[in-house]
Amino acid sequence: MEERNSVPEGGAFEPGDDAARELPMGVRVAAAWSWRLIIIGLACASFLWLIVQVRIIVIPLLIAILLTALLAPVVQWFERQGAPRWTGVVTALAMFGIAVWVLVTLISTQLRDGYEDVARRSEEVWWQALHWAEASFGVSASELEALTGQAWKTVEEHQSEIWSGALGIATTAGQLVTGALLTIFSLIFMLIDGKRIWFWVVGFLPAKAHAPVDAAGRAGWISVGQYVRVQIFVAFVDAVGIGAGAALLGVPLAIPIAVLVFLGSFIPFLGAITTGALAAFIALVYNGPVNALIMLGVVILVNQIEGHVLQPLVMGSAVKVHPLGVVLAVSTGALLAGVPGALFAVPIAASANSIVNTLAHRQWQSGSDPVADYHRREKIHHRARHRARALAKSRRREGQS
């Protein structure tokens with residue numbers, strides 16, 4: 001049977017016989033890539049749209065995942081010592097609650113006593129700067145006041161976009177309470193039964209995908225845990241360095257500055273810049289421009305130590321993401337989702353890197369089904385516990401008789 005697209009007799013090929021063959025190979029390849037990339041882009045856009053719609057659930061769940069990665073080693077340590085799992089869960093939650101209470105107490109007590117004084121001194125410095133600009137450059141104070149007023153108005157008009165971005169942050173008390181409760185409940189259940197939840201999720205996939213998805217998920221989870229623990233260490237070093245520098249320079253509110261630096265360091269680059277600028281501003285307000293420049297130098301020195309020593313040696317080996325990738329991830333996350341996006345950008349990038357490497361190198365045991373193995377072990381443990389309870393009951397009955 002003669003093929004449909006064969007060349008007619010005489011060697012002449014009519015353009016209408018097969019239009020696709022008239023196109024160069026490069027155009028056909030580009031077209032094939034284009035429609036596939038368009039579909040991938042539409043799928044990603046739909047996924048992001050879905051996340052935005054359920055952000056009140058997604059953001060607390062992501063926070064709970066980070067906290068679980070941080071506290072899970074405490075639970076595992078208690079299990080290795082032979083203690084019940086609930087003992088480790090209660091201890092981990094108590095440690096976390098005490099740490100949060102200490103940080104909130106330090107910030108609230110220190111700032112409550114010094115906020116009014118900072119506001120008053122800031123206003124004084126502002127008017128001094130206006131008079132200096134008027135005397136040095138011949139610009140009237142009213143013109144400068146009008147310019148700054150317009151700038152503040154622009155910031156206020158775009159305040160929601162600046163703070164929340166696409167995902168947004170809870171803006172009402174009800175949303176804040178709902179998000180906090182959802183975070184706490186998710187954290188508790190992940191600490192108690194995280195492995196069962198994971199295999200329950202993986203169980204929805206086809207059996208052939210269980211092993212690779214389980215291996216990739218475990219690799220991503222290890223990266224997230226390493227990132228959280230290393231980031232706490234880096235944030236602690238930043239807080240101690242900048243807080244000690246502020247105390248030595250006689251800058252007031254050194255403890256709140258250190259706490260804010262610690263919290264802000266969880267957002268790489270952006271957090272350090274913001275909190276460092278705040279420390280320099282307080283030094284300017286209280287101690288003058290020379291002290292503020294020295295404080296700024298301390299902030300830059302600490303950030304340089306973090307960027308050139310801690311990040312390559314500690315964070316680089318744990319997260320395995322290039323510093324340029326970290327900058328791009330944080331910038332993209334902040335652009336798409338504001339503060340939450342900047343906070344979750346690096347752990348998501350680190351876990352994605354580990355997941356892709358695991359899948360690319362096929363680092364899983366072929367021929368095994370981790371979901372089936374888990375359920376099999378659970379049945380064995382359940383039978384063993386049931387037999388142990390029955391044996392204990394029979395012994396108690398014999399003792400009573």
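Each value, and the rule that gives it
- Residues numbered from 1 in each chain as written.
- Predicted model: local features only at pLDDT ≥ 70, side-chain atom pairs only at ≥ 80, totals over all residues.
- Heavy atoms only, no water.
- Helix = DSSP H or I, 4+ residues; strand = E, 2+ residues; numbered from the N terminus.
- Contact = heavy atoms within 4.5 Å.
- Areas by Shrake-Rupley, 256 points an atom, 1.4 Å probe, with all protein chains shown as cover.
- Axes fitted to C-alpha atoms, helices over the stretch in contact; angles between N-to-C directions.
- Parallel < 35°, antiparallel > 145°, perpendicular 65-115°, else oblique.
- Nonpolar A, V, L, I, M, F, W, Y, C, P; charged D, E, K, R; others polar.
- Patch = residues over 30% accessible without salt bridge, like charges linked within 9 Å, V, L, I, M, F, W, Y side chains within 5 Å.
- Salt bridge = Lys/Arg side-chain N within 4 Å of Asp/Glu carboxyl O.
- Phe/Tyr/Trp six-rings, centres within 6.5 Å; stacked < 30°, edge-to-face > 60°.
- Buried < 20%, exposed > 50% of the residue type's maximum accessible area, 1.4 Å probe, protein only.
- Polar contact = N/O pair within 3.5 Å; in protein donor to acceptor, adjacent residues only side chain to side chain.
- Core = buried A, V, L, I, M, F, W, Y, C linked by side-chain atoms within 4.5 Å.
- Expected span 1.5 Å × (residues − 1).

### Quick look at the overall build of the protein chain
Part 1 of the argument: If you tally the helices and strands in the protein chain, you get twelve helices and zero strands.
Part 2 of the argument: Going residue by residue from the N terminus, the α and β elements of the protein chain occur as α-α-α-α-α-α-α-α-α-α-α-α.
Part 3 of the argument: Residue pairs in contact within the protein chain that sit at least 24 positions apart in sequence constitute 71% of those at least 6 positions apart.
Part 4 of the argument: Summing over all exposed atoms, the protein chain offers an accessible surface of approximately 25800 Å²; the carbon and sulfur share of this is 69%.

### Digging into the packing of helix α2 (residues 55-80) against helix α7 (residues 207-248)
When two helices pack together, you describe them by how their axes are tilted relative to each other and by the distance separating the axes.
Part 1 of the argument: At their nearest, the axes of α2 and α7 sit 9 Å apart, and the two run at 80° to each other. Between α2 and α7, the interaxial angle falls into the category roughly perpendicular. Residues I65, L66, T68, A69, L70 and P73 of α2 touch α7, and the partners they reach there are W221, V224, G225, V228, R229 and I232.
Part 2 of the argument: Of the residues belonging to the contact of α2 with α7, the class tally is nine nonpolar, two polar and one charged.

### Section: a nonpolar patch on the surface
Part 1 of the argument: Taken together, the side chains of V177, L181, F185, F189, I197, W200, V201 and F204 make up a nonpolar region of the molecular surface, amounting to roughly 860 Å² of accessible area.
Part 2 of the argument: Mapped onto the fold, F185 is located in helix α6 (residues 173-202).

### Looking at the packing of aromatic side chains
Part 1 of the argument: For the coordinates displayed, the defined rule picks out three aromatic pairs.
Part 2 of the argument: Taken together, a centroid distance of 5.2 Å and an interplanar angle of 85° make the contact between W77 and F78 edge-to-face.
Part 3 of the argument: Looking at W77, the relative accessible area reads 44%, which means it is partly exposed.
Part 4 of the argument: Ring plane angle 80° and centroid distance 5.1 Å describe the contact between W200 and F204, whose orientation is recorded as edge-to-face.
Part 5 of the argument: A relative accessible area of 56% means that W200 is categorised as exposed.

### As for the side chain of H210
Part 1 of the argument: With respect to the helices and strands, the residue H210 is situated in helix α7.
Part 2 of the argument: Judged by its relative accessible area of 6%, H210 is buried.
Part 3 of the argument: A distance of 2.9 Å separates a polar atom in the side chain of H210 from the backbone oxygen of L205.

### Here we look at the nonpolar core
Part 1 of the argument: Among the nonpolar cores identified, the biggest contains 20 residues, and I242, V251, I257, A279, I282 and M295 are the most heavily contacted of them.
Part 2 of the argument: Residue assignment for this core shows that the elements contributing at least two residues are α7, α8 (254-264), α9 (270-287) and α10 (289-319).
Part 3 of the argument: Excluding anything up to four places from it in sequence, A279 contacts I242, I257, M295 and V299.
Part 4 of the argument: Formed by twelve residues, the second largest nonpolar core is a distinct cluster that contains V228, I267, V330 and V346.

### Considering the pattern of salt bridges
Side chains bearing opposite charge may pair, as long as their charged atoms lie close to each other.
Part 1 of the argument: Per the stated rule, a full pass over the model turns up five salt bridges.
Part 2 of the argument: Across the pair R196 and E378 runs a salt bridge, and its minimum N-O distance is 3.1 Å. Here R196, found in helix α6, pairs with E378, found in helix α12 (residues 370-400); they are 182 residues apart in sequence, far enough to count as distant.
Part 3 of the argument: Under the relative-accessibility criterion, R196 is labelled partly exposed at 42%.
Part 4 of the argument: Judged by relative accessible area, which is 25%, E378 ranks as partly exposed.
Part 5 of the argument: Two residues, D214 and R218, come together in a salt bridge whose shortest N-O distance is 3.1 Å.

### A word on α7
Part 1 of the argument: For α7, spanning 42 residues, the distance from its first C-alpha to its last is 62 Å, which sits close to the expected 62 Å at 1.5 Å a residue.
Part 2 of the argument: Positive phi appears at G250, one or two residues downstream of α7, with a value of about 75°.

### Quick notes on unusual backbone geometry
Part 1 of the argument: Of note in the backbone geometry, L253 takes a positive phi value of approximately 60° without being a glycine.
Part 2 of the argument: For L253, the position within the fold is in the loop between α7 and α8.

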